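Structural characterization, general
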Amino acid sequence: MAPRYRIRNWAKYQHYHDRNPPWIKLHVEILSSADWVMLADASKLLAIVCTIVAAKEGCTGEFTGDPAYIQRLAYLNKLPDFNPLIQCGFIEVLADASKREQT
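What counts, and where the lines are drawn
- Residues numbered from 1 in each chain as written.
- Predicted model: local features only at pLDDT ≥ 70, side-chain atom pairs only at ≥ 80, totals over all residues.
- Heavy atoms only, no water.
- Core = buried A, V, L, I, M, F, W, Y, C linked by side-chain atoms within 4.5 Å.
- Buried < 20%, exposed > 50% of the residue type's maximum accessible area, 1.4 Å probe, protein only.
- Helix = DSSP H or I, 4+ residues; strand = E, 2+ residues; numbered from the N terminus.
- Contact = heavy atoms within 4.5 Å.
- 1 Å grid on protein atoms, 1.4 Å probe; cavity = no way out; pocket = protein on both sides within 12 Å on 5 of 7 lines; lining within 4 Å.
- Points joined across faces, edges and corners; volume = space filled by probe spheres on them.
- Nonpolar A, V, L, I, M, F, W, Y, C, P; charged D, E, K, R; others polar.
- pLDDT = per-residue confidence, 0-100.

1. Let's talk about the nonpolar core
- Of all hydrophobic cores here, the largest spans 24 residues; its most connected members are Ile7, Phe63, Phe82, Leu85 and Ile91.
- Secondary-structure elements contributing two or more residues to this core are strand S1 (4–7), helix H1 (10–13), helix H4 (41–57) and helix H5 (67–74).
- At seven residues, H4 tops the list of elements feeding residues into this core.
- When near neighbours in sequence (up to four residues on either side) are disregarded, phenylalanine 63 contacts Pro3, Arg4, Tyr5, Arg6, Ile7, Cys50, Val53, Ala54, Glu57, Ile70, Phe82 and Ile91.

Right, dumping it as structure tokens:
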């Protein structure tokens, strides 16, 4: 099972509830932040794609980080690396069932 993530500050930047909007909002506050500016271009694209996937999955900012699906959706040349987005605090790791101990 792929890990689950949450976009940090979802409620602050995406002002819709209980619907599947045809857009996402890219706020100047995010796009001019030091965290955003210092990310590699692939990570910037990945952040936008993660926001799109989260919007399609619901109004909580949570999404499944299926690397193969996100690679295809973002037209990336290789599997996405979520670590830069985790390190800068753009996304939070919720769960990864593949790493849980079998009981």
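Still more to cover.
2. Some remarks on the layout of surface pockets
- One number sums up the size of the largest pocket: a volume of about 340 Å³.
- Considering the residues around the largest pocket, the lining is formed by 23 residues, among which Arg8, Tyr13, Ile30, Ser33 and Phe90 are closest to the centre.
- Elements that contribute at least two residues to the lining of the largest pocket include exactly H1, helix H2 (28–31), helix H3 (34–38) and H4.
- Broken down by class, the residue content of the lining of the largest pocket amounts to 13 nonpolar, six polar and four charged.

3. Observations concerning the confidence of the model for the protein
- Model confidence for the protein is summarised by a mean pLDDT of 86, while 87% of its residues fall at 70 or above.
- At the low end of the mean pLDDT range in the protein sits H1, at 86; at the high end sits helix H6 (residues 83–87), at 96.

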